[in-house]
Amino acid sequence: MNGEFLGEMVLPGMARSVPLLRRFVGDALTAAHHQCVDGAQLVTSELVTNAVVHSRSGWPGGLVTADVIAIGEGLARIEVTDEGGTTLPRPRNPDDGDCHGRGLRLVEQLAQQWGVRLDARGWKTVWANVPTTEDAPIGPADMSSYMDELLP
């Protein structure tokens, strides 16, 4: 994959790291002159949350890493690496009353592509290519309508 590496941040695999990594991604993309970073930040939140909840990164001493790569002027790749686990991420179809399970469906809607890569250690990287132009699928005004679609 070609692109311009914009930055990396490694933090403890804890819930409090989610907003820090979200802000880091937004700041990195804004500094690189991307116009709309809301979708990329939301994707980051979903992927980091999954890493903390569903992998060994959420265990004591675990770490989670976020990388930001610009793929041209209007597309960014967000990569979140965790310390692996027993399952691979897959979109679910939660019941209306379920409080969880919608994150990867949201990633599917916001990203042009997304996928999973494993390394030799068993660590997992989930990546998503997210548009960052003014006509990206989500901007600040669109956030509530996306949430309305996902939540019962």
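Residues numbered from 1 in each chain as written. Predicted model: local features only at pLDDT ≥ 70, side-chain atom pairs only at ≥ 80, totals over all residues. Heavy atoms only, no water.

Undergrad: Give a detailed account of the side chain of Asp67, specifying residues and quantitative values.
TA: Of note, Asp67 is situated in strand E2 (residues 63–70). If near-sequence neighbours (up to four positions away) are discounted, Asp67 is found in contact with Phe5, Gly7, Glu8, Arg77, Ile78 and Glu79. (Helix = DSSP H or I, 4+ residues; strand = E, 2+ residues; numbered from the N terminus. Contact = heavy atoms within 4.5 Å.)

Undergrad: Please set out the sheet that holds E2 residue by residue, giving values where relevant.
TA: An order of E1-E2-E3-E5-E4 is seen for the five strands of this open sheet, with the pairing classed as antiparallel. The two strands at the open ends of the sheet, each matched to only one other strand, are strand E1 (4–12) and strand E4 (113–118). In this sheet, neighbouring strand axes are inclined to one another by 15° on average, regardless of whether the strands run parallel or antiparallel. Examined bridge by bridge, E2 and strand E3 (residues 75–82) share six bridges and lie antiparallel to one another. Its bridge partner lying in E3, Ala70 is registered against Ala76. Along the sheet, helix H1 (residues 17–31) contacts E1, E2 and E3; its crossing angle with E1, the most-contacted strand, is approximately 165°. Contacts from helix H2 (residues 38–54) reach E2, E3 and strand E5 (124–131) within the one sheet, and its direction differs from that of E3 by about 10°. (Pairing = 2+ DSSP bridges. Axes fitted to C-alpha atoms, helices over the stretch in contact; angles between N-to-C directions.)

Undergrad: For the side chain of Lys124, give the residues involved together with the corresponding values.
TA: The residue Lys124 is located in strand E5 in this model. For Lys124, a relative accessible area of 5% gives the class buried. Among residues more than four places away in sequence, those in contact with Lys124 are Ser55, Val80, Thr81, Asp82, Gly84, Thr87, Leu88, Pro89, Val116, Arg117 and Leu118. (Buried < 20%, exposed > 50% of the residue type's maximum accessible area, 1.4 Å probe, protein only.)

Undergrad: A description of the confidence of the model for the protein should follow, citing residues and the corresponding values.
TA: Here the protein shows a mean pLDDT of 86. Residues at 70 or above account for 80%. Note on residues 143–152: pLDDT under 50 across the span, and 16 contacts to partners over four residues away in sequence or across chains. (pLDDT = per-residue confidence, 0-100.)

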